[in-house]
Every structure is written in structure tokens, then in C-alpha cells.
Amino acid sequence: EEILKLTTSPDPKLVAESDFGPLPKIGEDGREPWKVYSRPFTKVEGKPKIAIFLAGLGLSEGATNMAIQKLPGPITLGFAPYASRLEEWIALSRAAGHEVILQLPMESFDYPSSDPGPHTLLTSLEPEINIQRLNFLLSRFTGYVGVTNFLGNKFTSDQKSLKPILDELNNRGLLLLDTGTSQTSISTEIALNINLPIATNNHFIDSKASRVAIDAKLFELEKIALEKGVSVGIGFSYPVTMERITEWSSTLDSKGIDLAPISAIVSFKEKKDSSEKK
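The notes below deal with the structure included here. (Residues numbered from 1 in each chain as written. Predicted model: local features only at pLDDT ≥ 70, side-chain atom pairs only at ≥ 80, totals over all residues. Heavy atoms only, no water.)

What follows deals with the packing of aromatic side chains. Evaluated as defined, the whole model comprises 5 aromatic pairs. Relative to Tyr144, the ring of Phe141 lies with its centre 5.1 Å away and its plane at 75 degrees, an arrangement referred to as edge-to-face. Here Phe141 and Tyr144 have matching classes, each one buried. The interplanar angle of 50 degrees and the centroid separation of 6.4 Å between the aromatic rings of Phe236 and Tyr238 together place this pair among those described as tilted. Tyr238 sits in the partly exposed class, given a relative accessible area of 37%. An aromatic cluster is defined as three or more aromatic residues linked by ring pairs; in this entry it consists of Phe79, Phe141 and Tyr144. (Phe/Tyr/Trp six-rings, centres within 6.5 Å; stacked < 30°, edge-to-face > 60°. Buried < 20%, exposed > 50% of the residue type's maximum accessible area, 1.4 Å probe, protein only.)

What follows is the structure, encoded as C-alpha cells:
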């Protein structure tokens, strides 16, 4: 496939300097990072779309290289904030046509036995402290379209803790991918309320990392897309997952389904843009 060119990152007009490092911001002209850094996608009216997100990249060099080079460009890649060489990985991903999402560690019900790292967003902290942690995480690299929760079934079900974080993401012009790990998550509800662009996962495609199980989940995603117009799947960087996704994606065209980046399938209402004031 030809490689789609993504806009160069970072765009200096979409960067706010902070004590932690560069933070994304909405440009003076109203341009939002989630749109500027997205992979271009032409929507065909009425054509079902499937978006696939591959999580956990940046920690294993082999898996990260394989994901960047082997997976079709429309697949959105997710990076852990603690990985080293992040700027380099993101540049390589975007050069290969992949848009990227930052994974935000959030508190789960079994915290701290599941501890996603030192800057985890916690329900026990004041919103100001969580926003500081958020800013530290957001400043790890630039050029991402948005964030997703890493763990976080407790944090995403706590209105008092979650809303200030989603407001902050919204003010920075980012999108949110809700991994759907939790039945009690109120992310989607809050996002739709404040008009934060949101996508919600339908299936983890490799909870069982076997060919048969993955193929069955991918087939489920096709059924949802044909029925509802769109579906979202999340996988991890196992070799078998990448192999099955690559194989499967080559069959979508003949089924009349588009493989879309996450940014192409988010729900949001167009914000009133500044050009209307002229």
C-alpha cells in the first residue's frame, strides 16, 4: 500500500511549553491536535468501518518495530508513557502512516497490586494533583491524536476524579479512546456531555492469543460494523495478533468494509470554529 503522509509533528503552533515538557494545545486558529495529527481518511457514505488499536508499544523494541513496519497504515498505535526513545518511535510510526495514541495509567480496583506506574491517576488524589500527573504524562512525546485509559476501571467510574481530566483533555484538543474494560466506566457519558471526541472499544481481540480466538473476534468486529456502521477492536503487540490483523485486513476490501484510524470514527459535535466570527 502507498504510505500516506501525516503532517509533521510537532506543529509549533499546537505546543504549550510547561515545566514537564511540551504539551498539546488548540491553536490560536482553532486547529485541534487530534485532527491535525490524525491519519487522513476519506469517508464513504454508508460504508461500514472498523478501527483497530494496537496497545502497549514502545516497551519491546522487536514488537514495536514489527507493528510500525508490518501493520497496515490505518491501524492506530498506542504507546506506554514510560517507554524509552518515545519521540523516535512516534516519528517512525507516523512516517509509516500510523496515527498514535498515548496510554494513560489509571487506578484499577485492585490497585496497587496492579500498579501501572509512578504517575498513575488516582481517585485518592485531588484533581489538581491528577492534572499535574496528567501533564507529566502528556509531555512525554508529541504528535499523538489523543489518549486511552491503561487499566483504570476504578478511576473511570469516579465522576469527581474523571471529569476534570476529561475537561483538561478536551481543552487541549485531544480525543479519547475508552478501552471498555469496565462496565462502570462513565467516560463515554462525560465525553458526549462535554463534546470530547470519543471512541469506545467493542472487543479485545486477543484476550486469548491464539489464531482461532483472534480470527473469531475479528469476525465479530465485522458483524458489528455491518450492523452498526462502525466497530472498534483493541489488540496487544503479540506476533500472532499482528500476523492475524495483517492477514485479515487484506480481506476487508472484498467485504465492502473500510479499515479506519481511530480518529475517523470518533463521536463528537463539530465545535463552532473561529472562522465564523469573521
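Orientation of helix 4 (residues 127-138) relative to helix 5 (residues 159-171), taken along the N-to-C sense of each, is 45 degrees, at an axis distance of 10 Å. Viewed along their axes, helix 4 and helix 5 adopt a mutual orientation that is oblique. The handedness of the crossing between helix 4 and helix 5 is right-handed. The segment helix 4 lies against helix 5, with Pro127, Asn130, Ile131, Leu134, Asn135 and Leu138 engaging Lys160, Pro164, Ile165, Glu168 and Leu169. Of the residues in the contact of helix 4 with helix 5, the class split is 7 nonpolar, 2 polar and 2 charged. (Axes fitted to C-alpha atoms, helices over the stretch in contact; angles between N-to-C directions. Helix = DSSP H or I, 4+ residues; strand = E, 2+ residues; numbered from the N terminus. Parallel < 35°, antiparallel > 145°, perpendicular 65-115°, else oblique. Left-handed = near helix turned anticlockwise from the far one by under 90°. Contact = heavy atoms within 4.5 Å. Nonpolar A, V, L, I, M, F, W, Y, C, P; charged D, E, K, R; others polar.)

Attention shifts here to the pairing of strand 5 (residues 100-106). Counting buried positions along strand 5 gives 7 out of 7 residues, so the element sits mostly inside the fold. Burial along strand 5 is two-sided: the face carrying Val100, Leu102, Leu104 and Met106 and the face carrying Ile101, Gln103 and Pro105 are both buried. Relative to strand 5, strand 4 (residues 76-79) is paired through 3 bridges, and the arrangement is parallel. Looking at strand 5, one finds that Leu77 is bridged to Val100. Since strand 4 and strand 5 lie parallel, the crossover through helix 3 (residues 86-95) that links them has a hand, and here it is right-handed. The pairing of strand 5 with strand 6 (residues 146-151) spans 6 bridges and is classified as parallel. The residue bridging Pro105 from the neighbouring strand is Phe150, located in strand 6. Between strand 5 and its parallel partner strand 6, the chain crosses via helix 4, and the hand of that crossover is right-handed. (Pairing = 2+ DSSP bridges. Right-handed = clockwise from strand over helix to strand, strands pointing away.)

A separate point is the pairing of strand 6. Here strand 6 runs beside strand 7 (residues 175-178); their pairing, made up of 3 bridges, is parallel. Within strand 7, the position partnered with Gly146 by the bridge is Leu175. On the question of chirality, the crossover connecting strand 6 to the parallel strand 7 by way of helix 5 is right-handed.

Considering all chains together, one arrives at 14 salt bridges under this definition. Of the charged contacts in the structure, one is a salt bridge between Asp258 and Lys47, with a shortest N-O distance of 3.2 Å. With Asp258 in strand 11 (residues 258-260) and Lys47 in the loop between helix 1 (33-36) and strand 3 (49-57), this pair connects stretches of sequence that are 211 residues apart. The exposure class assigned to Lys47 is partly exposed, which follows from its relative accessible area of 23%. A salt bridge links Glu168 to Arg172; its shortest N-O distance comes to 3.5 Å. Taken individually, Glu168 and Arg172 each receive the classification buried, so the pair is uniform in this respect. When salt bridges that share partners are traced, they join Arg211, Asp215, Glu243 and Arg244 into one network. (Salt bridge = Lys/Arg side-chain N within 4 Å of Asp/Glu carboxyl O.)

On to the side chain of Glu107, then. Along the chain, Glu107 turns up in the loop between strand 5 and helix 4. By relative accessible area, which is 6% here, Glu107 ends up buried.

This part is about the environment of Lys208. Tracing the sequence through the fold places Lys208 in the loop between strand 9 (203-204) and helix 7 (211-228). Judged by relative accessible area, Lys208 falls into the exposed class, the value being 60%. Taking the C-alpha atoms as reference points, Lys208 and Thr241, separated by 33 residues in sequence, lie 9.9 Å from one another. Excluding residues that lie within four positions of it along the chain, Lys208 makes contacts with Ala213 and Ile214.

The next thing to look at is helix 2 (residues 61-70). If you check which residues of helix 2 are buried, you get Ala63, Thr64, Ala67 and Ile68. Buried residues of helix 2, seen end-on, are gathered within an arc of 130 degrees and therefore sit on one face of the element. For helix 2, the exposed residues lying more than 90 degrees away from the buried face are Gln69 and Lys70. (Arc of directions from axis to C-beta.)

The subject of this paragraph is helix 6 (residues 187-194). Where helix 6 is concerned, the buried positions are Ser187, Ile190, Ala191 and Ile194. Down the axis of helix 6, the smallest arc covering the buried residues is 100 degrees, so these residues share one side. In helix 6, the exposed residues that point more than 90 degrees away from the buried face are Glu189 and Asn193. Those residues of helix 6 that are buried lie in contact with helix 5, strand 7 and strand 8 (198-200). Just past helix 6, the residue Asn195 takes up positive phi, approximately 65 degrees.

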